Amino acid sequence: MTKKIKSALVSVYHKDNLEPIIKKLNELGVNLVSTGGTYDFIEKLGCPVSQVEDLTSYPSILGGRVKTLHPKVFGGILARRENESDLEQLKKYEIAEIDLVIVDLYPFEATVASGASEQDIIEKIDIGGISLIRAGAKNFKDVLIVSSMKQYGALLEILNSQNGETTLEQRKAFAGEAFQTSSHYDSAISTYFAPSNNKVAERISLNDGEVLRYGENPHQSATIYKYNNSNSDSTLANASVLQGKALSYNNMLDADAAWKAVSDAYHAVSGIQNKSAVAVIKHLNPCGLAVADNTQKALELAWAGDPISAFGGIIGFTSEVTGDIAQWFADKFVEIIIAPKFSTEAKEIFAKKKNLRLLETPVKPEITGEKLIRSVSGAILIQDEDEGMDAEYKPVTKKKFNDKQLDLAKFGTQACKHLKSNAIALVTQNSDGSYWLTGAGMGQPNRLDSLRWLTIPRFELKESVNIEEAVLISDAFFPFKDSIEVANEYGIKYIVEPGGSIRDEEVIGACDDFGIAMVFTGKRHFKH
């Protein structure tokens, strides 16, 4: 069933791209009613327009807080055109029908993100606009509701192609989007008011999803949604994609892993001037991670961590990628490179690799306060991000760590944190002061296998690296002394673990027997 638009109420915050709509409505002979700044905008276009105050015979009051909240506005929107009683009341109270409502809400989320004062934020909670949206959407059988400037283009297309008429299907579709708009808006407000210690009160609203190339496998579809603090530049979701083919579900996960691992490694190291960190990620695991006093050195060390696994990997940088760095990748295949900046020369060199994705985003802050969200059948799980550098590094053995090993342990803890459990990492500091991941075992059902069959063999491929100077990190406690016995077989002298096992004394005793230094961090870093 088509409906002809004869009257329209327009009350919007953003006026961008509104002009052609107003001119088209005027051309179609639609009676326009508007408020405040929108009224001034329409009047300057030279189009006839009435003020809401003329409709209601009541002024805007309370500093503009109350403008459209009036029966003569909402009656004209909510009246059911097929209901004789509704039509009689419209006639009795001299209420004009409104067929089109165009609203663009106050920018609440943007105001919060800007760091504005609480008073400014409160004033950006739209009351009239959200009410108009819900009213227009509820009565979609008779009214077309445009609830966001993002819909201006679709509205203009309808006005141009259908001569001001709308179908029931179109009105219902716009109504659905309107309720999405109001739901998202209310979720943002609810989250703002939620006490910081009441995480359950947080609301998650997902809008404007972007379809990805495919899911975990090509036969699976996938979509990425931005949520909560994604207005911040310091999120992977807001990274600028400079080139390359479309991103897949796996690409986004690996890119996020690279960004987080390289940023944490950067924050963990304090003893290097002009430090630069590089991460090489494969299937969410760091197969290479390094921090050095220049980017080229860090890159070479990270790549050397596991050059076989680096093929087709995702590379994360904390420093600008220059032309020299770009040239280094000339004969290497990688899927994605992430960095705070790419030089003009680097972009020109990488342009020859048309499928290579380049993502530009700042280094991740040490603490973001973001949530990790995963699904299980019939539900979602939400937890805090495992972030921050705090740990005890409490000595528990006769042999002690020196300051050099303790600094290395802090880097190693961050490296191990980003490996899938059960995880073991071996890290080394070179004579020039650079740090790198020299052995990694991950994703095993027991940590003994991670140590013996993955970490140690990868370490032994390195030349001129002394295992007695390396530090071994475990993401969780050692439940038995068997891992200590294996570590001793290979000459490991420094071990970091969180502690907390009922057999801690047995494990510590084994370390003392073998002359191994051990510290407890008091903080587990499982990753599933």
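The shown structure was predicted, so the numbers you read here are calculated from the model rather than taken from an experiment.

Reading the values: the criteria
- Residues numbered from 1 in each chain as written.
- Predicted model: local features only at pLDDT ≥ 70, side-chain atom pairs only at ≥ 80, totals over all residues.
- Heavy atoms only, no water.
- Pairing = 2+ DSSP bridges.
- Helix = DSSP H or I, 4+ residues; strand = E, 2+ residues; numbered from the N terminus.
- Salt bridge = Lys/Arg side-chain N within 4 Å of Asp/Glu carboxyl O.
- Buried < 20%, exposed > 50% of the residue type's maximum accessible area, 1.4 Å probe, protein only.
- Phe/Tyr/Trp six-rings, centres within 6.5 Å; stacked < 30°, edge-to-face > 60°.
- Lys NZ or Arg CZ within 6 Å of the ring centre and 35° of its normal.
- Core = buried A, V, L, I, M, F, W, Y, C linked by side-chain atoms within 4.5 Å.
- Polar contact = N/O pair within 3.5 Å; in protein donor to acceptor, adjacent residues only side chain to side chain.
- Contact = heavy atoms within 4.5 Å.
- Right-handed = clockwise from strand over helix to strand, strands pointing away.
- Axes fitted to C-alpha atoms, helices over the stretch in contact; angles between N-to-C directions.
- Disulfide = S-S within 2.5 Å.
- Expected span 1.5 Å × (residues − 1).
- Patch = residues over 30% accessible without salt bridge, like charges linked within 9 Å, V, L, I, M, F, W, Y side chains within 5 Å.
- Areas by Shrake-Rupley, 256 points an atom, 1.4 Å probe, with all protein chains shown as cover.
- Parallel < 35°, antiparallel > 145°, perpendicular 65-115°, else oblique.
- Left-handed = near helix turned anticlockwise from the far one by under 90°.
- Nonpolar A, V, L, I, M, F, W, Y, C, P; charged D, E, K, R; others polar.

Trainee: Go over the sheet that holds strand β15 (residues 357-360), please, and point to the residues and values.
Mentor: The sheet built from 12 strands is open, its strands ordered β10-β15-β14-β13-β11-β12-β20-β19-β21-β22-β23-β18 with mixed pairing. Each end of this open sheet is capped by a strand with a single partner; those strands are β10 (240-243) and β18 (394-395). Note: β18 against strand β23 (residues 517-520), two bridges, orientation antiparallel. Bridge pairing in β23 links P395 to V519.

Trainee: Help me get a handle on the pattern of salt bridges, residues and values and all.
Mentor: For the structure on display, the rule yields 20 salt bridges. When the shortest N-O distance is used, the salt bridge between E97 and R81 registers 3.5 Å. With a gap of 16 residues between them, E97 in the loop between α5 (84-92) and β5 (100-104) and R81 in the loop between α4 (71-78) and α5 connect regions that are remote in the sequence. Across the pair R81 and D99 runs a salt bridge, and its minimum N-O distance is 3.3 Å. Of this pair, R81 sits in the loop between α4 and α5 while D99 sits in the loop between α5 and β5, placing them 18 residues apart in sequence. On the basis of relative accessibility, which here comes to 10%, the residue D99 falls in the buried class. Three or more residues joined by partner-sharing salt bridges are found here, namely D264, K364, E387 and K417.

Trainee: Got a sec to walk through the packing of aromatic side chains? Specific residues and values, please.
Mentor: On inspection of all chains with the given rule, the structure shows 13 aromatic pairs. Here F108 and Y185 contribute two aromatic rings whose centre-to-centre distance is 6.3 Å and whose plane-to-plane angle is 65 degrees, an arrangement assigned as edge-to-face. Here the residue F108 occupies a position in helix α6 (residues 108-113), and Y185 occupies one in helix α10 (residues 168-193), the gap between them amounting to 77 residues. The interplanar angle of 50 degrees and the centroid separation of 6.3 Å between the aromatic rings of F329 and F350 together place this pair among those described as tilted. Remark: F350 occurs in helix α14 (residues 344-350) and F329 occurs in the loop between α13 (323-328) and β14 (334-339); sequence separation between them is 21 residues. As far as burial versus exposure is concerned, F329 and F350 are alike and both buried. The ring of W328 is capped by K332, whose NZ or CZ atom sits 4.0 Å from the centre of that ring. The cationic tip of R452 hangs over the ring face of W453; the distance from NZ or CZ to the ring centre is 5.8 Å.

Trainee: An account of the nonpolar core is requested, with residue identities and associated values reported.
Mentor: Ranked by size, the top nonpolar core spans 51 residues in total, and within it I315, F317, F329, I337 and F350 carry the most contacts. No other element matches the five residues that helix α12 (residues 295-304) contributes to this core. Among the nonpolar cores identified, the runner-up in size contains 29 residues, and A277, C416, A440 and V519 belong to it.

Trainee: Any chance you could break down the side chain of D99 for me, citing the residues and the numbers?
Mentor: A polar side-chain atom of D99 sits 3.3 Å from a polar atom in the side chain of R81. Here D99 is in contact with K4, I5, K6, S7, R81, D142, V143 and L144, once residues within four sequence places are set aside.

Trainee: Help me get a handle on the pairing of strand β22 (residues 494-497), residues and values and all.
Mentor: Burial along β22 is two-sided: Y494 and V496 and I495 and E497, pointing in opposite directions, are all buried. Note: strand β21 (residues 471-474) against β22, two bridges, orientation parallel. If you follow I473 over to β22, its bridge partner there is V496. Each parallel crossover has a hand, and for β21 linked through helix α17 (residues 482-489) to β22 it is right-handed. Across four bridges, β22 lies against β23 in parallel orientation. Residue E497 lies in a different strand from β23, and its bridge partner there is F520.

Trainee: I'd like a rundown of the sheet that holds β5, residues and numbers included.
Mentor: In a beta sheet, neighbouring strands are held together by backbone hydrogen bonds and run either parallel or antiparallel to one another. With parallel pairing, the five strands of this open sheet are ordered in space as β4-β3-β2-β5-β6. Strands with a single pairing partner mark the edges of an open sheet, and in this sheet they are β4 (50-51) and β6 (144-146). Its contacts with the sheet put helix α1 (residues 19-27) on β2 (7-12), β3 (31-34) and β5, and the angle it makes with β5 is roughly 165 degrees.

Trainee: So what about the state of the cysteines? Which residues, and what values?
Mentor: Tallying each qualifying case throughout the model produces zero disulfides. Not part of a disulfide, C511 finds its nearest cysteine sulfur in C416, a span of 16 Å. Look at C511 and you get buried, because its relative accessible area is 0%.

Trainee: Now, about the side chain of S34: what can you tell me, with residues and values included?
Mentor: Along the chain, S34 falls in strand β3. Of the residues examined, S34 reaches a relative accessible area of 0% and is grouped as buried. Apart from residues no more than four positions distant in its own chain, S34 is found in contact with L9, V10, Y39, I42, V49, S50, Q51 and V52.

Trainee: How would you explain helix α11 (residues 249-268) if you had to name every residue and give the values?
Mentor: Taking 1.5 Å of rise per residue, 20 residues should cover 28 Å, and α11 covers 29 Å from first to last C-alpha, within 8% of that figure. Of all 20 residues in α11, 14 are buried, a share of seventy percent or more.

Trainee: I'd like a rundown of a nonpolar patch on the surface, residues and numbers included.
Mentor: Residues Y58, I61 and L62 make up a contiguous nonpolar surface patch of about 320 Å² in total accessible area. Along the chain, the position of I61 falls in the loop between α3 (52-56) and α4.

Trainee: Just give me the short version of the environment of G439, but keep the residues and values in it.
Mentor: Examined against the element boundaries, G439 turns out to sit in strand β20 (residues 435-441). In this structure, the C-alpha to C-alpha distance between G439 and V427, residues 12 residues apart in sequence, is 6.8 Å. Dropping the residues within four chain positions of it, G439 is found in contact with I424, A425, L426, T455, R458 and F459.

Trainee: Run through the pairing of strand β11 (residues 276-282), naming residues and quoting values.
Mentor: Remark: a regular strand shows side chains that alternate across the two faces of the sheet. Among the seven residues that make up β11, six are buried, leaving the element largely enclosed by the rest of the structure. Of the pairings in the sheet, the one linking β11 to strand β12 (residues 285-292) comprises seven bridges and is antiparallel in character. Bridge pairing in β12 places S276 opposite A292. Hairpin connection, β11 to β12: the antiparallel pair is bridged by two residues, and H283 has positive phi, about 50 degrees.

Trainee: Got a sec to walk through the packing of α1 against helix α9 (residues 152-162)? Specific residues and values, please.
Mentor: Between two packed helices, both the angle of their axes relative to each other and the distance between the axes serve to describe the pair. The contact between α1 and α9 brings their axes to 10 Å, and the two run at 25 degrees. Considering the angle they form, α1 stands roughly parallel to α9. Viewed along their axes, α1 and α9 form a crossing whose handedness is left-handed. On α9, the residues touching P20, I21, K24 and L25 of α1 are Y152, L155, L156, L159 and N160. When its residues are assigned to classes, the contact of α1 with α9 shows seven nonpolar, one polar and one charged.

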